Amino acid sequence: MKNGFWKKAGWFALMVLPMVASLVGQIGIGVLVVVFMVIGSILNMQGGGFSVELIRQAILEQSMDGIIASVLIYHVLALLVFGLWYYFGCGKPRIVSPGKVFRGRVLVMTVAMGLLMCIGSNALLGAADFLVPRIIQEYSEMMELAGIGVNPLAIIASVLVAPIGEEILCRGLTFHYAGKVVEGMRNKKAAFWTANCLQALLFGIMHGNLVQGSYAFLLGLCLGWLRYRYNSLYPAMLAHFLVNFTSSFVIGYLFGPLPNLFVIYVLILVVSVAGIILLMRHEEARR
């Protein structure tokens, strides 16, 4: 019994470790990139000397660009590091081509899930804007400063690279170790949803803020289900890409013509959630 407890504790620690490594990596790379950019800016400024005002000016000018650049650098490095960790730390999973996974209804199902997840999460934000407007306003300002959907580096990081790296980290590594934590549970369905909730929770925490973390948790549950249902990371990666791409470039055109009413967002949210649940139940019934 004692050995079993420590074994579970070890798997739990391994489950949390990728998220901790991710947060440390983001902060560390962010600090290093900003420091180098600030130093470079100071050295390029005319007049010589290192006054407090000169340093303050350099920090103001370079910090945001440095943070955006560091996000892309982190995601590229994370793709390599967590990719190798996943391959060698999870039993060297067999690598198959996406074409073998996306056959028939799997591709249709993945695209439908991704679009519904995007629409539902944005409807949730729209409804929350009526309930906690100050928090949503602060979140919106933060996303604008981060250059999401505008800055080319931020677009590459969030739309192209993040869906691959974050799926390897969360639905790959974290989900694998979460499965070890719940190993031995008699009810396989309960075991899956427990592991799925654990990885989704860590996925939400990894985003570092309450608003993004809240809907990331819900998205993580759906992405974990896709990973489990089709026994592959590819569907989760594609759905994640669709969520980020559609949120950045398409959702404004879909929601723009609609009346800005709380009941409208709630209705869209309910329909989206119902659609996701029906798709899941339909797929489960085919087993």
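Look above for the structure.
Rules used in this analysis
Residues numbered from 1 in each chain as written. Predicted model: local features only at pLDDT ≥ 70, side-chain atom pairs only at ≥ 80, totals over all residues. Heavy atoms only, no water. Helix = DSSP H or I, 4+ residues; strand = E, 2+ residues; numbered from the N terminus. Buried < 20%, exposed > 50% of the residue type's maximum accessible area, 1.4 Å probe, protein only. Contact = heavy atoms within 4.5 Å. Areas by Shrake-Rupley, 256 points an atom, 1.4 Å probe, with all protein chains shown as cover. Core = buried A, V, L, I, M, F, W, Y, C linked by side-chain atoms within 4.5 Å. Salt bridge = Lys/Arg side-chain N within 4 Å of Asp/Glu carboxyl O. Axes fitted to C-alpha atoms, helices over the stretch in contact; angles between N-to-C directions. Parallel < 35°, antiparallel > 145°, perpendicular 65-115°, else oblique. Left-handed = near helix turned anticlockwise from the far one by under 90°. Polar contact = N/O pair within 3.5 Å; in protein donor to acceptor, adjacent residues only side chain to side chain.

Student: Any chance you could explain the overall build of the protein here in plain terms?
Tutor: A count of helices and strands for the protein gives 11 helices and 0 strands. Of the regular secondary structure in the protein, the N- to C-terminal order runs α-α-α-α-α-α-α-α-α-α-α. When burial is assessed residue by residue, the protein has 41% of its 287 residues classed as buried. Taking as baseline every contact in the protein between residues at least 6 positions apart, the subset at least 24 positions apart corresponds to 79%. Summing over all exposed atoms, the protein offers an accessible surface of approximately 15800 Å²; the carbon and sulfur share of this is 71%.

Student: What am I meant to see in the nonpolar core here?
Tutor: Residues Phe82, Met113, Met117, Trp225 and Leu226 are the most contacted members of the largest nonpolar core, which totals 58 residues. Setting aside residues up to four positions removed in sequence, Trp225 forms contacts with Met109, Met113, Phe192, Trp193, Asn196, Met280, Glu283 and Glu284.

Student: Help me understand the pattern of salt bridges, please; the structure alone is not making it clear to me.
Tutor: Where charged atoms from two side chains of opposite charge approach closely, those side chains can pair. Tallied over the entire structure, the rule returns 5 salt bridges. Salt-bridge contacts for Glu183 lead to Lys180; the nearest nitrogen and oxygen are separated by 3.9 Å. Given the relative accessible area of 49%, Glu183 is considered partly exposed. With its nearest N and O atoms 3.9 Å apart, the salt bridge here joins Glu283 to Arg229.

Student: Would you explain the packing of helix α6 (residues 152–181) against helix α8 (residues 210–230) in this entry?
Tutor: Each pair of packed helices gets described by two things: the angle between the helix axes and the distance between those axes. α8 packs onto α6 with a crossing angle of 65° between their chain directions and a minimal axis gap of 11 Å. In terms of their interaxial angle, α6 and α8 are classed as roughly perpendicular. The handedness of the crossing between α6 and α8 is right-handed. Together, Glu167, Arg171 and Phe175 of α6 and Gly220, Leu223, Gly224, Arg227 and Tyr228 of α8 make up the contact between the two elements.

Student: Help me understand the side chain of Asn209, please; the structure alone is not making it clear to me.
Tutor: Its place among the elements puts Asn209 in the loop between α7 (188–206) and α8. Among the polar contacts listed, one links the side chain of Asn209 to the backbone nitrogen of Gln212, at a separation of 2.7 Å. Setting aside residues up to four positions removed in sequence, Asn209 forms contacts with Tyr139 and Met142.

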